[in-house]
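Single-letter residue listing:
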Amino acid sequence: MAHVELSLSEAFVPAARASTEPESDNVGQWSSTVSRADEPCLLIDADTRVVAISTAGCELLCLGEPDRLIGRPLLDGGLRLLDFTANRGELTEAEIDKIPPLLALSSGRLARGLLRVQAASPNSSDATVDAISTPVLTDGSVAGSLTFFSEV
């Protein structure tokens, strides 16, 4: 017959680590991760300004260099989103509010959807990307959104 012995000990509580980064809030911590990521990803703040974007994210979204986008509003940084019709028209204001990075900000929930991104050059084809966004919280309120992209 098996013998089972149970003992109780004090719980191990890890020591809190102080951040050495100048921005120690949740958005600031994600910023350094996103900027160094190999995956296509994007971090925006509650005012829709780009806080960080990976190089792979810039390439996938036809946005140029990451440094050029930091601090600029997401939609003023060169991101051109198209609808899925044959006419390839730019998204309307109402449609823009429903893209995953902005929907995660406004709803405070996960958001997912497909985006059609206009190619950087006329000879290139448009990119279709799957975007998954999550709100980033600071002190219990939405302070930004983190989005990961995958080419479809």
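Residues numbered from 1 in each chain as written. Predicted model: local features only at pLDDT ≥ 70, side-chain atom pairs only at ≥ 80, totals over all residues. Heavy atoms only, no water.

**Student:** Before we go on, may I ask you to explain the sheet that holds strand E5 (residues 127-138) in this structure?
**Tutor:** Think of a sheet as strands paired side by side through backbone hydrogen bonds, with each pair either parallel or antiparallel. Reading across the sheet, the six strands line up as E2-E1-E6-E5-E4-E3 and stay open at both edges, with antiparallel pairing between neighbours. In this open sheet, the two edge strands, each paired with only one partner strand, are strand E2 (50-53) and strand E3 (81-82). Examined bridge by bridge, strand E4 (residues 111-117) and E5 share seven bridges and lie antiparallel to one another. Of the residues in E5, the one forming a bridge with Leu 115 is Val 129. Across the sheet, helix H1 (residues 26-36) lies against strand E1 (41-45), E2, E5 and strand E6 (141-151), angled at about 35° from E2, the strand it touches most. (Pairing = 2+ DSSP bridges. Helix = DSSP H or I, 4+ residues; strand = E, 2+ residues; numbered from the N terminus. Contact = heavy atoms within 4.5 Å. Axes fitted to C-alpha atoms, helices over the stretch in contact; angles between N-to-C directions.)

**Student:** When you look at unusual backbone geometry in this model, what are you seeing that I'm missing?
**Tutor:** Even without being glycine, Thr 48 reaches a positive phi, approximately 65°. With respect to the helices and strands, the residue Thr 48 is situated in the loop between E1 and E2. A residue is classified by how much of its surface remains accessible, and Thr 48, at 24% relative accessible area, is partly exposed. The backbone phi angle of Cys 62 is positive, close to 55°, even though this residue is not glycine. (Buried < 20%, exposed > 50% of the residue type's maximum accessible area, 1.4 Å probe, protein only.)

**Student:** How should I be thinking about the side chain of Asp 130 in this particular structure?
**Tutor:** Take Asp 130: it is sitting in strand E5. Accessibility expressed as a relative area gives 14% for Asp 130, which makes it buried. At 2.5 Å, the side chain of Asp 130 forms a polar contact with the side chain of Arg 112. Setting aside chain neighbours within four positions, we find Asp 130 in contact with Arg 112, Gly 113, Leu 114, Phe 148, Phe 149, Ser 150 and Val 152. (Polar contact = N/O pair within 3.5 Å; in protein donor to acceptor, adjacent residues only side chain to side chain.)

**Student:** In this structure, what is going on with helix H4 (residues 100-107)? I would like to understand it.
**Tutor:** Turning to H4, its buried residues number three or more, namely Pro 100, Pro 101, Leu 102, Ala 104 and Leu 105. Close packing links the buried residues of H4 with E1, helix H3 (93-96), E4, E5 and E6. At the exit of H4 stands Gly 108, carrying a positive phi of roughly 70°.

**Student:** Would you mind showing me how to read the pattern of salt bridges here?
**Tutor:** A pair can form between side chains of opposite charge whenever their charged atoms are brought close. Under the definition given, this model contains five salt bridges. A salt bridge links Arg 49 to Asp 45; the nearest nitrogen and oxygen atoms lie 3.4 Å apart. Of the charged contacts in the structure, one is a salt bridge between Asp 130 and Arg 112, with a shortest N-O distance of 2.5 Å. Residue Asp 130 is found in strand E5, and its partner Arg 112 is found in strand E4; the two are separated by 18 residues along the sequence. What makes Arg 112 exposed here is its relative accessible area of 59%. (Salt bridge = Lys/Arg side-chain N within 4 Å of Asp/Glu carboxyl O.)

Shape is all these values report; function is a separate question.
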